[in-house]
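Residue-level structure breakdown
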Amino acid sequence: GRSYAGTTQFGLATTGVAGLETIVPVGGIASWYEYSCSQGMYLRDEGYTNWLAGYCASRIQDTSDWSTVGTKYASYLAQLDKDEEALYGSYGEDDGFWGIRDYTRNAANIQCPALIVHGLADYNVRTKHFEMMYRAYREAGADVKLLLHQDGHHTPTHPADEFGFEINGEVYDELLNRWFSHYLYGVDNGIENMPEVTAQDSHENVWVSY
């Protein structure tokens, strides 16, 4: 899952829910404050939380729940707007609006391994986010790997366009297949020994391990 779909994986992992075997978030958000603001200033339009919640909501198909003023979900979106605007760029309390949307604060709950994928030229979800979640994983003592490419806010594969990054001679989809085969089906293929950080060089199409 990429972007919002990668972010929800971070959120899920920090609940510590049983049965979650692994996550592979791509360009995911670690803290909604750090996505919308930085050091007390807005990076995006005020009310972005309200807009994005509506944009990503499946309930938009349910006009009875969506379009009528006073319905539960419409009221919730309106309250999001008010709560965010009241802070005007500040983080606020740890258990407040932004605090409960900061997944790094629940790092102690993390149990499942993660392969975190992020573009080093991602100007939508900044590179700060993969570092924040990486540190959260390390704090939790859970296995985590970073795969960092030189592209932007993209997944390193697009089968419909016959596009896929090669990582040390292995197509990204093949690497994913090995990851899920190991963590979901117990296949002994050595993927757990992948270097902690695998990053694409910015000058040549070579991958460096750290």
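None of the values given here were measured: they were computed from a predicted structure.

Before going further, it helps to examine the pairing of strand 3 (residues 114-119). Within strand 3, 6 of the 6 residues are buried, which leaves the element mostly enclosed by the surrounding structure. Burial of the side chains of strand 3 extends over both faces: Ala-114, Ile-116 and His-118 are buried on one face and Leu-115, Val-117 and Gly-119 on the other. By the bridge criterion, 6 bridges tie strand 3 to strand 4 (residues 144-149) in an arrangement that is parallel. In the strand pairing of strand 4, Leu-115 is matched with Lys-145. Handedness of the strand 3-helix 6 (residues 128-140)-strand 4 crossover: right-handed.

For the structure on display, the rule yields 7 aromatic pairs. On the basis of an interplanar angle of 75° and a centroid distance of 6.3 Å, the ring pair of Tyr-42 and Tyr-88 is categorised as edge-to-face. In this pair, Tyr-42 is assigned in strand 2 (residues 41-42) and Tyr-88 in the loop between helix 5 (72-87) and strand 3, connecting sequence segments 46 residues apart. We classify Tyr-88 as exposed; its relative accessible area is 57%.

Here the focus is the pattern of salt bridges. This structure, assessed with the given rule, holds 6 salt bridges. Asp-94 is the partner of Arg-105 in a salt bridge, and the nearest nitrogen-oxygen pair spans 3.7 Å. Residue Arg-105 is found in the loop between helix 5 and strand 3, and its partner Asp-94 is found in the loop between helix 5 and strand 3; the two are separated by 11 residues along the sequence. Note on Asp-94: relative accessible area 46%, which makes it partly exposed. In this structure, the salt-bridge partner of Glu-170 is Arg-178, at a minimum N-O distance of 2.8 Å. Judged by its relative accessible area of 16%, Glu-170 is buried.

Turning our attention to the nonpolar core. With 37 residues, the main nonpolar core has Ile-23, Trp-32, Ile-110, Ile-116, Met-133, Tyr-137 and Leu-146 as its most contacted residues. Mapped onto this core, the elements with two or more residues apiece are helix 1 (4-13), helix 2 (32-36), helix 3 (48-55), helix 5, strand 3, helix 6, strand 4 and strand 9 (197-200). The dominant element in this core, judged by the number of residues it contributes, is helix 6, at 6 residues.

Attention now goes to a nonpolar patch on the surface. Taken together, the side chains of Phe-180, Leu-184, Tyr-185 and Val-187 define a hydrophobic patch exposed on the protein surface, amounting to about 410 Å² of accessible area. For Tyr-185, the position within the fold is in helix 7 (residues 172-185). Since its relative accessible area comes to 68%, Tyr-185 is described here as exposed.

Axis angle and axis distance: for two packed helices, these are the angle between their axes and the distance between the axes, and together they describe the pair. Direction vectors running N to C along helix 3 and helix 5 enclose 155°, while the axes themselves pass 7 Å from each other. Relative to helix 5, the element helix 3 lies roughly antiparallel. Contacts from Tyr-48, Thr-49, Asn-50, Ala-53 and Gly-54 in helix 3 reach Tyr-73, Leu-77, Ala-78, Leu-80, Asp-81 and Glu-84 in helix 5. Partitioning the contact of helix 3 with helix 5 into residue classes produces 6 nonpolar, 3 polar and 2 charged.

The rules we used
- Residues numbered from 1 in each chain as written.
- Predicted model: local features only at pLDDT ≥ 70, side-chain atom pairs only at ≥ 80, totals over all residues.
- Heavy atoms only, no water.
- Buried < 20%, exposed > 50% of the residue type's maximum accessible area, 1.4 Å probe, protein only.
- Helix = DSSP H or I, 4+ residues; strand = E, 2+ residues; numbered from the N terminus.
- Pairing = 2+ DSSP bridges.
- Right-handed = clockwise from strand over helix to strand, strands pointing away.
- Phe/Tyr/Trp six-rings, centres within 6.5 Å; stacked < 30°, edge-to-face > 60°.
- Salt bridge = Lys/Arg side-chain N within 4 Å of Asp/Glu carboxyl O.
- Core = buried A, V, L, I, M, F, W, Y, C linked by side-chain atoms within 4.5 Å.
- Patch = residues over 30% accessible without salt bridge, like charges linked within 9 Å, V, L, I, M, F, W, Y side chains within 5 Å.
- Areas by Shrake-Rupley, 256 points an atom, 1.4 Å probe, with all protein chains shown as cover.
- Axes fitted to C-alpha atoms, helices over the stretch in contact; angles between N-to-C directions.
- Parallel < 35°, antiparallel > 145°, perpendicular 65-115°, else oblique.
- Contact = heavy atoms within 4.5 Å.
- Nonpolar A, V, L, I, M, F, W, Y, C, P; charged D, E, K, R; others polar.

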